[in-house]
Amino acid sequence: MNNAIRTSARVLSSHFILVVLFVFAAFPLAVLIFNSLKSRTDLAQNPMGPPTEILFSNFVTAWNESAFLLHATNSAILVAGTVALILTLGGMAAYSLARLELPGAVVVMGYMISLTAFPVWLYLVPLFFQWRTLGLLDTLPGLILIYTAINSPLAIFLLRSFLVQIPKELEESAQLDGASRWSILLRIILPISWTGFLTIALVVAVAVWGEFQIAFVILQDTDKYPITTSFLAFAESYGRDWTLTSAVAVIAIAPIVTLFIIFQRRFAEGLTQGSVK
Amino acid sequence: MLSLDYRQKMKVGAWGFVLPIILLHAFAIVIPAGAGIFYSFTSFSGIGEANWIGLENYSRLIGDESFHAALLNNLKWLLFFWTVPFSLAILAASLLAQVKRGAMLYRVVFFIPYVLPSVVVGSLWRFLLHPDDGLPGLASTLGIPGFELALLGRSETALWTVAFVDNWHYWGFLAAILLVAMQGVSKELYEAARLDGANYFHQLIHVTIPGIRPTLLFMFLMTGIWSFLVFDYVWVMTGGGPAGSSEVIGTFIYRTAFQNFEVGYAAAQGVAVASIAITILILFSLLRKRGWEI
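A. Layout of the overall build of chain B. Helix and strand counts for chain B stand at 13 helices and zero strands. Element order for chain B, N to C, with α for helix and β for strand: α-α-α-α-α-α-α-α-α-α-α-α-α. For 294 residues, the compact-globule estimate of 2.2 N^0.38 gives 19 Å, and chain B exceeds it by more than 25% at 24 Å. Considered along the principal axes of its C-alpha atoms, chain B spans approximately 80 × 70 × 35 Å. Counting across all 294 residues of chain B, residues that qualify as buried make up 44%. Contacts spanning at least 24 positions in sequence make up 66% of the contacts within chain B whose residues lie at least 6 apart.

Now the structure itself:
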């Protein structure tokens, strides 16, 4: 009896602290959504609370004024290109490390680990000049190559950890038939491990969709801006109009938040696995 | 049995599978890093020749007070990130590990800030911290005194405020990672602790934290390295100001290279950051060797 009371008191106080943290995490987002639905006069009188009258016109204005479609397309190209390259090139490397008895696999793994700890400020400035010489500066493909290089070491670790779990017997029977590495990878490994690949795709998509610093350095032509650099430019030029800025922010985060909520289990699994293992 | 010939062929071909990504790494990371080390000994301005000037950039760096101030700000950032997000994340994860009802909702909401782009978070909090329209205004409307400060506009508070906002985006991610680690701690240890009459804090200190130590230390290591690389939040929220009070190495390097066109000097600063990262890594691996089980 006494124990039961103690336990429920404990659960109650746990929930109390968790609710405080919940408000801490959610309140700023609620304000963002509220403000995207207000008129400017409404916001001036009531900057934090829910809108007195719900207004969708900010989204129309924001969509047009920020050239949202153009920048979202650029971001989508960056995400698609990076995800595709990481899944193919990274997937091949992970398969080789997990399965093909790669001579020197330990060295390759060590090399990948050291790459993840490489500070971006050691190579970003010289990379700018190297990309300029190669004609890759101010291009989306040039940025995709950088994103692939930076995000792939962790992706390879995660994919490798998925692939080593697959029982070897499955491949061995195909090997006995003399199947090539490629056909084993495509016909046996991929169909079993596609969930692992999906997890990596999500983690990389979130990272690229929100990436700012490298895009800021590499891209100068505003028509090539992804949503991050274009949002900053918009927020700077529309300065005090928080209704419009909030509306742009809401449509800029909507795709990634939706993706996260749909796949949140898989997503958290991918990110956490990388650091727990 | 597989033929020896077949196995041999598979092994040689294995390199073909890793080569493309290794070439890309070399091309986009390793070669530029090498070029950065080279530039650090030159007076390269971004155009024309890179003239060798030996250690001049490094001796300038040692005497550059703005660089020291930026480095000090990174150390403050490190101090903040080794304490605040870890405390929040340990608290949240240890509570989440206990509750059943609503656990999923808490987890999702705690994590959402982590998936938001830094530019959106920075701009949102600039609004929230606005002295008139934001939370300080709300506080004074409600009659709560002491919040009318322009936290981002004062040199004493700007850096800590930006760090606080970055923490808002980061702690939920850390909590998710620590929660996974906590779920791996044996239930029997908690049972035993409870039988001994251990309360929440005893269990946290004697069971939970020792149980997740490898993950905790790994995240300390990574957070430590990241603390020297921050750029986005500072750039978006204060631009390093007011009067350079929130300048960090990342924004300092950007300015040196792309606004002052002192690429050689910026490269030397990049090498300095890399040396710090390497030092942190070496310290951690030394601790590990001394039996810390990292």
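B. Region of interest: the overall build of chain A. Helix and strand counts for chain A come out as 13 helices and zero strands. Secondary structure elements of chain A occur, N-terminal to C-terminal, as α-α-α-α-α-α-α-α-α-α-α-α-α. Its C-alpha atoms give chain A a radius of gyration of 24 Å, clearly above 19 Å, the size a compact globule of 277 residues would have. Each principal axis of the C-alpha distribution contributes one length, and for chain A these read about 75 × 75 × 35 Å. Expressed as a percentage of the 277 residues in chain A, the buried residues total 47%.

C. Fine view of the nonpolar core. Ile200(A), Phe231(A), Ala175(B) and Leu178(B) are the most contacted members of the largest nonpolar core, which has 175 residues in total. Considering every element that reaches this core, the biggest residue donor is helix H7 (residues 158-183) of chain B, with 17 residues.

D. Local environment of the domain arrangement of chain A. All names here are of chain A. Parsing chain A into structural domains produces domain 1 (2-55) and domain 2 (65-276). With centres defined by C-alpha atoms, the gap from domain 1 to domain 2 works out at 33 Å. Looking at the side of domain 1 that touches domain 2, the elements with two or more residues in it are helix H1 (2-36) and helix H2 (40-45). Ranked by residue count, the leading element in the side of domain 1 that touches domain 2 is H1, at four residues. For the side of domain 1 that touches domain 2, the residue count by class is three nonpolar, three polar and two charged.

E. A look at the environment of Asn260(B). Checked against the element boundaries, Asn260(B) lands in the loop between helix H12 (249-258) and helix H13 (263-292). C-alpha of Asn260(B) to C-alpha of Ser45(B): the two residues are 215 residues apart in sequence and 8.7 Å apart in space.

F. How the structure looks around the packing of helix H3 (residues 57-65) of chain A against helix H12 (residues 242-262) of chain A. All names here are of chain A. Across the interface, H3 lies against H12 with an axial gap of 8 Å and an inter-helix angle of 75°. In terms of axis orientation, H3 runs roughly perpendicular to H12. Where H3 abuts H12, its residues Asn58, Phe59, Thr61, Ala62, Trp63 and Glu65 lie against Thr243, Leu244, Ala247, Val248 and Ile251.

G. Molecular detail of unusual backbone geometry. In this model, Gly241(B) is joined to Pro242(B) through a cis peptide bond whose omega is -10°. Structurally, Pro242(B) can be placed in the loop between helix H11 (232-237) and H12. We note that Asp138(A) has phi near 65°; this positive angle belongs to a residue other than glycine. As for its position among the elements, Asp138(A) is in the loop between helix H6 (120-133) and helix H7 (140-163). Owing to 14 C-beta atoms within 10 Å, Asp138(A) belongs among the partly exposed residues under this scheme. The phi angle at Ala243(B) is positive, at roughly 55°, despite the residue not being glycine. Assignment of secondary structure puts Ala243(B) in the loop between H11 and H12. On the basis of neighbour count, Ala243(B) is assigned to the exposed category, with 9 C-beta atoms found within 10 Å.

Cut-off values and rules
- Residues numbered from 1 in each chain as written.
- Chains lettered and ligands numbered in written order.
- Predicted model: local features only at pLDDT ≥ 70, side-chain atom pairs only at ≥ 80, totals over all residues.
- Helix = DSSP H or I, 4+ residues; strand = E, 2+ residues; numbered from the N terminus.
- Rg over C-alpha atoms; globule rule 2.2 N^0.38 Å.
- Buried ≥ 20, exposed ≤ 12 C-beta atoms within 10 Å, placed from the backbone.
- Contact = placed C-beta atoms within 7 Å.
- Core = buried A, V, L, I, M, F, W, Y, C linked by C-beta atoms within 7 Å.
- Domains from an automatic or database assignment.
- Nonpolar A, V, L, I, M, F, W, Y, C, P; charged D, E, K, R; others polar.
- Axes fitted to C-alpha atoms, helices over the stretch in contact; angles between N-to-C directions.
- Parallel < 35°, antiparallel > 145°, perpendicular 65-115°, else oblique.

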